[in-house]
Amino acid sequence: REAIELRAAVEGTELVGRAYEGLGGAQVFANQIPEALETYRAMLALAERLGDVAMQISALNKLAGVTALRMGQFNEAEPLLARAERLGREHDDPSGMAEGAIIRCQMCTAMADFDAVVAHMGEVVAIGERMGSKQHRAMGLEHVASSLMFLTRFDEAWPKAQETLQLAREIGD
């Protein structure tokens, strides 16, 4: 809260965005859901005022994540994710697009829609390849492999699991 109050003294918006993300994340962890939603709404409003698209995408994704995954309101989360995805594509924000795909994966997992999990996490793999992020690739591949197992598509899952294991060893995870 103090870091957010000092935002006028900080040049740029990255640190301010991280302060909002940290406060909102702590509130979610403490199960203070209304407070977390308010923090993310304030983050979004500030980002819109400042024209910071990356912060807008982050706020929209986090609002969607809390709305869907902590409140069970998937229909209300969908427009937030769609808006974040549109902004991410328009402004080429692969990190924001990956975050949105991961939230969609979590929503699909809750509904046991493993075909959709494979598709969304395949996006994360592709984004990871584009960004040169082995962490994104490993996470995406792991989810794809395990979802293929749930779908009893073992012949497809096995090479993905082997690729995931090799990549996880490379990054020490």
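Higher on the page you've got the structure.
Just so you know, these numbers come straight off a predicted model, no measurement behind them.

A. Broad picture of the environment of Tyr 40. With respect to the helices and strands, Tyr 40 occurs in helix H3 (residues 33-50). As for Tyr 40 and Met 111, which are separated by 71 residues in sequence, their C-alpha atoms are 25 Å apart. Setting aside anything within four residues of it in sequence, one finds Tyr 40 in contact with Tyr 20, Glu 21, Gly 24, Gly 25, Val 28, Ala 59, Lys 62, Leu 63 and Val 66.

B. Here's a closer look at the packing of helix H6 (residues 94-110) against helix H7 (residues 114-131). As a packed pair, H6 and H7 sit with axes 8 Å apart at the nearest point and diverge in direction by 160°. On the basis of the axis angle, H6 is roughly antiparallel to H7. Taken as a pair, H6 and H7 cross one another with a handedness that is left-handed. Residues Pro 94, Ser 95, Met 97, Ala 98, Ala 101, Ile 102, Arg 104, Cys 105, Cys 108 and Thr 109 of H6 form the contact with H7, whose own contacting residues are Phe 114, Ala 116, Val 117, His 120, Met 121, Glu 123, Val 124, Ile 127, Arg 130 and Met 131. Taken together, the residues that form the contact of H6 with H7 break down as 14 nonpolar, three polar and three charged.

C. View of the side chain of His 136. Take His 136: it is sitting in helix H8 (residues 134-150). Leave out the neighbours within four places in its chain, and His 136 touches Ala 98, Val 124, Gly 128 and Met 131.

D. Region of the structure containing H7. Counted at 1.5 Å a residue, the expected span for H7 with its 18 residues is 26 Å, and the 25 Å between its end C-alpha atoms agrees. Among the residues of H7, those classed as buried are Phe 114, Ala 116, Val 117, Val 118, His 120, Met 121, Val 124, Val 125, Ile 127 and Gly 128. Buried residues along H7 sit in contact with H6 and H8. In the segment just after H7, Gly 132 is the residue with positive phi, at about 75°.

E. Quick look at unusual backbone geometry. Notably, Asn 31 is not glycine yet its phi reads approximately 60°, a positive angle. Relative to the assigned elements, Asn 31 resides in the loop between helix H2 (14-29) and H3. Relative accessible area serves as the criterion here: at 52%, Asn 31 is assigned to the exposed category. A positive phi angle, near 55°, is found at Ala 112, a position not held by glycine. Note that Ala 112 resides in the loop between H6 and H7.

F. Layout of the packing of aromatic side chains. In total, this model carries one aromatic pair according to the counting rule given. On the numbers, 4.7 Å between centres and 40° between planes, the contact of Phe 114 with Phe 150 is tilted. Here the residue Phe 114 occupies a position in helix H7, and Phe 150 occupies one in helix H8, the gap between them amounting to 36 residues. Take Phe 114: its relative accessible area is 16%, and that puts it in the buried class.

G. Quick look at the state of the cysteines. Scanning the entire structure with this criterion turns up zero disulfides. Cys 105 takes part in no disulfide bond, and the closest cysteine sulfur to it belongs to Cys 108, at a distance of 7.2 Å. Exposure remark for Cys 105: the relative accessible area of 2% places this residue in the buried category. Among the residues examined, Cys 108 registers a relative accessible area of 9% and is labelled buried.

Rules of the game
Residues numbered from 1 in each chain as written. Predicted model: local features only at pLDDT ≥ 70, side-chain atom pairs only at ≥ 80, totals over all residues. Heavy atoms only, no water. Helix = DSSP H or I, 4+ residues; strand = E, 2+ residues; numbered from the N terminus. Contact = heavy atoms within 4.5 Å. Axes fitted to C-alpha atoms, helices over the stretch in contact; angles between N-to-C directions. Parallel < 35°, antiparallel > 145°, perpendicular 65-115°, else oblique. Left-handed = near helix turned anticlockwise from the far one by under 90°. Nonpolar A, V, L, I, M, F, W, Y, C, P; charged D, E, K, R; others polar. Expected span 1.5 Å × (residues − 1). Buried < 20%, exposed > 50% of the residue type's maximum accessible area, 1.4 Å probe, protein only. Phe/Tyr/Trp six-rings, centres within 6.5 Å; stacked < 30°, edge-to-face > 60°. Disulfide = S-S within 2.5 Å.

As far as function goes, none of this settles anything; it's purely spatial.
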